[in-house]
2 protein chains.
Amino acid sequence: MSVHRFFNPRGVAVVGSMSEGKLGYELLRQIILGGYRGRLYVVNPKAQGALDVPAFSAIDNIEGELDLAVIASPAPTVAETLRACGRRGVQAAVVISSGFGEVGNHAGEEELKQVASQYGIRVIGPNCAGIVSTSCNLYATLEVRPPAGKMAFISQSGALGGAVLAWAEEQGVGISKFVSYGNRADLDELELLPYLAEDPETRVAALYIESVADGRRFMEVVREFCRRKPLVVIKSGRTASGQRAALSHTGSLAGADAVYDAALKSSGAIRVDTVEDMFDLCKGFVFLPPVTGKKVVIVTNSGGPGILAADRAESTGLEVKAPSPEARQRLAEVLPPFCALGNPVDLTVQGTEEHFRQTLETLLEEYDAALAINVATPYLDSVALARGVCDAAQHSRKPVTASFMAGTLVASSVAYLRQRGIPDFAVGERAVTVLAHMAAYEARRAVLQSVPEIPQPAGALPLNEQGEFLEPQAMSWLNAHGVPVPPFHFAGDEAAAVEGCRAVSYPAVMKVVSPQIIHKSEVGGVIVGISSDEEAREAFRRLETIGRGKQLRGVVVYPQLPKAQEVLLGCSRDPQFGPVVVLGMGGIYTEILKDISLRVAPVTREEALAMIRELKAYPILSGARGQSPCDLDALAETIVNFSRLPFLYPEIQEIDLNPVFLFQKGLLVADVRVIRGGS
Amino acid sequence: MSVHRFFNPRGVAVVGSMSEGKLGYELLRQIILGGYRGRLYVVNPKAQGALDVPAFSAIDNIEGELDLAVIASPAPTVAETLRACGRRGVQAAVVISSGFGEVGNHAGEEELKQVASQYGIRVIGPNCAGIVSTSCNLYATLEVRPPAGKMAFISQSGALGGAVLAWAEEQGVGISKFVSYGNRADLDELELLPYLAEDPETRVAALYIESVADGRRFMEVVREFCRRKPLVVIKSGRTASGQRAALSHTGSLAGADAVYDAALKSSGAIRVDTVEDMFDLCKGFVFLPPVTGKKVVIVTNSGGPGILAADRAESTGLEVKAPSPEARQRLAEVLPPFCALGNPVDLTVQGTEEHFRQTLETLLEEYDAALAINVATPYLDSVALARGVCDAAQHSRKPVTASFMAGTLVASSVAYLRQRGIPDFAVGERAVTVLAHMAAYEARRAVLQSVPEIPQPAGALPLNEQGEFLEPQAMSWLNAHGVPVPPFHFAGDEAAAVEGCRAVSYPAVMKVVSPQIIHKSEVGGVIVGISSDEEAREAFRRLETIGRGKQLRGVVVYPQLPKAQEVLLGCSRDPQFGPVVVLGMGGIYTEILKDISLRVAPVTREEALAMIRELKAYPILSGARGQSPCDLDALAETIVNFSRLPFLYPEIQEIDLNPVFLFQKGLLVADVRVIRGGS
């Protein structure tokens, strides 16, 4: 059954008590007030009707077109109602009723799932706030009925969903579809987003989540969606206390926030922190054409607010450059001499409708987007200024936002702007923030096309005779998979150790090899600067002493590497998203400053390069201030290869390559630690 | 003349054209509509009256009580009007008229200043949006007339001031005094803030500035104000483009933004970026009792918004801890079992008035502040919930904020909250941000008591025979002023150099000394690891070669210092604020990561310690992760002493101490560079 039926049912049955004030009755009332155009039925044991809608004692008894059951009856009755749906051929049910998993009634929720699967019924809920589909005037929810529009909203939190609907009404941002899926016994964003991607009524989707069930599938769905349309996401639980609350709220484990951040970014979604930001963005995406570049111009009739907006524009990554000499010349011909022709262009309080129109029209020829600020006074005709702004936007076909301030002074001009499709924001800072996100979305869309292929398992790790995976095994294995390591020799006795040192040539480094010694340096298990056979012998004997009684397997010998820039590479498994890869600067500074970049593995070459550029210390790697530049192509290639390892070898839990030495040409892993599953 | 007359005039003359629609006429109309209670007069050459107000051809002719002239006549007439004020004994004038410095008419503005000073008239403006004093119903402005209240607002931008008044009206935050001072020919925040500090009508002040004229005086005034009342500041020009715009807008040089940041912080002001944030904060300060600690509790009837608020609370530095076992026990007795008793406390959609009341009352016994979130649905009585929240706030006398969502659904409950003095915010995130700022303000107030004394000049720098201030002079001088340096010897010949090396003991370091060699290392002018007399002689001869033809004065010899943590100390002069002191981590990482902290000099010991703690790499200095802790007491003392040097020796333009070696006990400056005035 397609999700489509939920949003375009030919008939709807409301299941629940029809006594005034009861959930079922209120739902029915909402559906009628909303103007739903299909057939309506009510169902309850006494066949008690209401509001002139025909009543039945069971779904089975309903004749006529019926596609959707909206269930608001007590939890213990829901499974039987679903069975009746199954018998009647109703394949879509919204279960508003609570009293399932969220209060510990897992058996009840399981039964509900079983019945649904047995009869092929798709379920939204239980414990949800319902659905809205404005294209057929279906408001199957107790929440505010928003106007129809181009924004879809999916919410894991029912109450937040309701608040968003109320806001939508207030802000004049219409809704296409709304779904609160509550306990997600069945349908959730994984199926809703693909539907919305195709939905001609939906131009942008917003999503509020506290957790995801299957991180990989979530990323795929989001990426696929974002190739078509923008997705704005609020993921709560960013800080420690937020995570604790999300845990107790949903009973599900919230993954580490940094992983969510990386997953959303890689998939093309725009993550915001507040519902206000979410609305701002949706307003932009609904009303504006795409923002195809970063050059923005601010045209204002007041200096202060223009400066504040310019500050914000620059700090969000937009370019706030002065107009070209040609454009300034053209503006000078039409504007009074006291106007400031920079960016912002300050028309001063004497700026007219015509000034706004001509300035914006002229500048939009060379800018990608604009913000028009009007700080109104009681003696100024703000509607006329709005007309100038709207005309210019229409003429240029470029994205133009407005910030008309403030309050009742601009109420009619803001209404005028809205009517002509120009989004207005309470302050200019919010308008440029929206433009910045929109520009970033367009820039990312191209990158979303390249998806790394998930490698198939390659077999077991190459263990030693004792079934262990120690440093010599790990180093050979890394090298075989495109992660460069220095030449080395494993030696089981003193003579072989000396031989090894000679082979790698002096000065050499010797390390102890034992499954019981993980942190070699801490026990003196790493000896550097070995410069002769004699010193090599001495080193071996010292390591032998250290390894005594600790299942000593031998030593491994490397050449001493020249000084280099150090980074670290790590990989571990996130409970929601699986393998993730981390790049960080080496050393204590960056450990404390947390200068790392993280991605869900595997990564493409583009993503690996983005990870490198994301490091705060990137200028050091790229050769700033007299540093010699590192071989970042080699690093990117290594990250790509490294990020494939946990898929090739599923038994791997964690790998640390720390440090990795970056040279002007190439790189080498200087130490490795691998944790295998169950070990 | 006290500023008081501006805000409590017994009579006001409006000077300007009284034809309908003209500036003078509109001002008069505003003053009458506002209900000003004193005497009113109008003045223009034709003695044209309006709106039943008596008219005069000149100020001189007015009989009756008159304290304030509001001037809106053309720029060329303003000076003569001021003269008339002088003759008539009117000592306060608000000049709304534009056409002065802001359009390049600096002569006109100078004349205005001269006349004012000649007659002892205080002037607000010119080119300003006027003033408001709600205590006497005086609205001498064309802007929206806000209700009376406890927030004062001073704005360098007239238009922004107007927008703020419109917002104040919309948000129900009343205004006590409003001043737009425009070109600040005379009065500005330096005199207005001390007045507002005493003003019983004003509980919090907000200030919008683009630049300050005298940074030191500004800091003093702000500090003095913040000891008494909170001050919220928007300083525009944060980023490069913002600074460029501010420049063209005001014709004044905006100081480097980091210095403004430091100056405002040290003085106790709260800097925000947007007018929205400013209003949020003022709402909090006007309506709430002081926030005396960081422990905040969130009580909500909806999980999602509660989590989002908890996230924000934690990231703004509040503590979001779970209730004590005792409190949970007490709550468990009154709340249904499905409520989540963490933080947030989730009462669920079934939360009642009584639940909100009891939960908040119980928890406010152990928390410093609270946020109550209500996500309304059409079938919920939000006014009842508001009543529960207000009762608890009243009972506990602690700061309680609310976020009732959303739109028309909560209009009447938000009005109820406002009426009972509980500030409501569109989203919970904004409410907790306000609580965080308020808590920080209270914490800083104590520190504002200790002000560093500005040292008196101590005379000239101790120069060498050639009148130069080279490394040996600078090192002795630092040492004499409590900035520790290693033992060293200056040597003019080879024998003295060897003697010096022996005296500091081997291994030694030798550096070339020449006024023409600033960057010694780059020309090989620093030789380290000198371990014998022979090497010392060789080193001297090499430095002699390097110094040939470059006014070689000799060499300076140090002991080679043990490995240590490196930091840097710098001092320079900001055009607005004068001497500033900078502490930074040494090395390329922190140069690129910009890990520095800055203060306006001189600094107290408390501020020096705060500078140290502000460094991102602070954990390294304090001994995290197995590092040995540095002597931060010694560093703080050195910063204090160092920050006094530019006052003791006014000829100093810049000093760089880089690196400074920090040891577990003590510290030593390893290199110094001083730039003197005019050099």
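Being a predicted model, the structure only gives us computed values, none of them experimental. (Residues numbered from 1 in each chain as written. Chains lettered and ligands numbered in written order. Predicted model: local features only at pLDDT ≥ 70, side-chain atom pairs only at ≥ 80, totals over all residues. Heavy atoms only, no water.)

A tally of helices and strands in chain A yields 23 helices and 28 strands. Projected onto its principal axes, the C-alpha coordinates of chain A cover approximately 100 × 80 × 35 Å. Considering only residue pairs separated by 6 or more positions, chain A has 70% of its internal contacts joining residues 24 or more positions apart. Just so you have it, chain A exposes about 25200 Å², and 49% of that area is on carbon and sulfur atoms. Averaging the positions of the 65 positive and the 76 negative side-chain charges in chain A gives two centres separated by 2 Å. (Helix = DSSP H or I, 4+ residues; strand = E, 2+ residues; numbered from the N terminus. Contact = heavy atoms within 4.5 Å. Areas by Shrake-Rupley, 256 points an atom, 1.4 Å probe, with all protein chains shown as cover. Lys, Arg positive; Asp, Glu negative; His and termini not counted. Charge placed at Lys NZ, Arg CZ, Asp CG, Glu CD.)

Once that is clear, we can look at the sheet that holds strand β6 (residues 122-124) of chain B. As a general point, the strands of a sheet are linked pairwise by backbone hydrogen bonds and lie either parallel or antiparallel. All names here are of chain B. Judged by pairing direction, the sheet is parallel, and its 6 strands sit side by side in the order β3-β2-β1-β4-β5-β6 without closing on themselves. Since the sheet does not close on itself, it has two edges, and those belong to β3 (55-56) and β6, each with one partner. Seen against the sheet, helix α2 (residues 23-34) touches β1 (11-15), β2 (39-43) and β4 (68-71) and runs at an angle of roughly 155 degrees to β1. (Pairing = 2+ DSSP bridges. Axes fitted to C-alpha atoms, helices over the stretch in contact; angles between N-to-C directions.)

Let us look at the pattern of salt bridges. Tallied over the full model, the rule gives 89 salt bridges over all chains. Ionic pairing is found between R5(A) and D67(A), a salt bridge with its closest N-O pair at 3.6 Å. Of this pair, R5(A) sits in helix α1 (residues 4-7) while D67(A) sits in the loop between β3 (55-56) and β4 (68-71), and the two are 62 residues apart along the sequence. Here R5(A) falls in the partly exposed class, since its relative accessible area comes to 27%. The buried category is assigned to D67(A), whose relative accessible area is 9%. With a shortest N-O distance of 3.6 Å, R599(B) and E607(B) are connected by a salt bridge. Pair check on accessibility: R599(B) and E607(B) agree, each one buried. One continuous salt-bridge network, built from bridges that share partners, spans E353(A), E354(A), R357(A), R387(A), D391(A) and R420(A). (Salt bridge = Lys/Arg side-chain N within 4 Å of Asp/Glu carboxyl O. Buried < 20%, exposed > 50% of the residue type's maximum accessible area, 1.4 Å probe, protein only.)

Our focus in this paragraph is the relation of the copies chain A and chain B. Here chain A sits on chain B after a turn of 180 degrees about the axis and a move of 0.1 Å along it, with an RMSD of 0.1 Å. Expressed as a symmetry operation, the mapping of one chain copy onto the other fits a two-fold axis. A shared binding surface is used by both copies, with 100% of the interface residues of chain A retained as interface residues in chain B. (Least-squares fit on C-alpha atoms with pLDDT ≥ 70 in both.)

Take the packing of helix α10 (residues 275-287) of chain B against helix α16 (residues 428-447) of chain B next. Residues and elements named next belong to chain B. Following both chains from N to C, one finds α10 and α16 inclined at 65 degrees, their axes separated by 9 Å at the closest point. Judged by the angle between their axes, α10 and α16 are roughly perpendicular. The two elements α10 and α16 cross, and the hand of that crossing is right-handed. On α16, the residues that touch E276, D280, L281, G284 and F285 of α10 are R430, V434, H437, M438 and Y441. (Parallel < 35°, antiparallel > 145°, perpendicular 65-115°, else oblique. Left-handed = near helix turned anticlockwise from the far one by under 90°.)

With that settled, the discussion passes to the pairing of strand β7 (residues 130-133) of chain A. Residues and elements named next belong to chain A. Every second residue of β7 is oriented toward a common face, with G130 and V132 on one face and I131 and S133 on the other, all of them buried. Bridge count for β7 against strand β10 (residues 175-180) is 4 bridges, and the pairing is antiparallel. Across the sheet, S133 pairs through a bridge with K177, a residue of β10. Between β7 and strand β8 (residues 138-140), which pair antiparallel and follow one another directly, the connecting turn spans 4 residues, one of which, N137, has a positive phi of 55 degrees.

Core analysis: the biggest nonpolar cluster contains 238 residues, and M151(A), M278(A), M151(B) and M278(B) have the highest contact counts within it. Each residue touching M278(B), except ones within four places of it in the same chain, is listed here: M151(B), F153(B), V164(B), A206(B), V232(B), I234(B) and V272(B). (Core = buried A, V, L, I, M, F, W, Y, C linked by side-chain atoms within 4.5 Å.)

The next thing to look at is the side chain of H355(B). Residues and elements named next belong to chain B. As for its placement among the helices and strands, H355 is situated in helix α13 (residues 353-364). Under the relative-accessibility criterion, H355 is labelled buried at 14%. Setting aside residues no more than four positions away along its own chain, H355 makes contact with V334, L335, P336, L347 and Q350.

Residues and elements named next belong to chain B. With 5 of its 5 residues buried, strand β12 (residues 231-235) lies for the most part within the structure. Residues L231, V233 and K235 point to one face of β12 and V232 and I234 to the other, with burial holding for every one of them. The pairing of strand β11 (residues 204-209) with β12 spans 5 bridges and is parallel. Residue pairing in the sheet places L207 in a bridge with V233 of β12. Considered for its hand, the β-α-β crossover made up of β11, helix α7 (residues 215-228) and β12 is right-handed. Examined bridge by bridge, β12 and strand β13 (residues 270-271) share 2 bridges and lie parallel to one another. Across the sheet, V233 pairs through a bridge with R271, a residue of β13. (Right-handed = clockwise from strand over helix to strand, strands pointing away.)

So, about the domain arrangement of chain A. If you check the domain split of chain A, you get domain 1 (4-202), domain 2 (285-448), domain 3 (488-559) and domain 4 (565-676). Taking only C-alpha atoms, the centre of domain 1 of chain A and the centre of domain 2 of chain A are 42 Å apart. (Domains from an automatic or database assignment.)

To continue, consider helix α21 (residues 605-614) of chain B. Residue and element names in this part refer to chain B. Turning to α21, its buried residues number three or more, namely E607, A608, M611 and I612. Buried residues of α21 fall within an arc of 145 degrees about the axis and therefore sit on the same side. Those residues of α21 that are buried are in contact with α9 (257-267), β24 (578-585), β25 (596-600), α22 (618-621) and α23 (632-648). (Arc of directions from axis to C-beta.)

With that out of the way, let us pick up the packing of aromatic side chains. Evaluated as defined, the whole model comprises 20 aromatic pairs over all chains. Seen from their ring centres, F7(A) and Y195(A) are 5.2 Å apart, and the 15 degrees between their planes marks the pair as stacked. Of this pair, F7(A) sits in helix α1 while Y195(A) sits in helix α6 (residues 189-198), placing them 188 residues apart in sequence. Exposure remark for Y195(A): the relative accessible area of 15% places this residue in the buried category. On the numbers, 5.5 Å between centres and 85 degrees between planes, the contact of F285(B) with Y441(B) is edge-to-face. Placement of F285(B) in helix α10 and of Y441(B) in helix α16 is noted, with a sequence separation of 156 residues between them. The buried category is assigned to F285(B), whose relative accessible area is 7%. By way of ring pairs, the aromatic residues F469(A), W477(A) and Y649(A) are connected into one cluster. Against the face of Y260(A) rests K235(A), its NZ or CZ located 4.4 Å from the ring centre. Lying over the aromatic face of F425(B), K283(B) brings its terminal NZ or CZ to 4.6 Å of the ring centre. (Phe/Tyr/Trp six-rings, centres within 6.5 Å; stacked < 30°, edge-to-face > 60°. Lys NZ or Arg CZ within 6 Å of the ring centre and 35° of its normal.)

The next subject is helix α9 (residues 257-267) of chain A. Along an α-helix, residues three or four positions apart point the same way, because every turn accommodates 3.6 residues. Residues and elements named next belong to chain A. The buried count for α9 comes to 8 of 11 residues, which makes it a mostly enclosed element. Listing the buried residues of α9 in full gives D257, V259, Y260, A262, A263, L264, S266 and S267. Among the residues trailing α9, G268 stands out with phi positive, at a value near 95 degrees.

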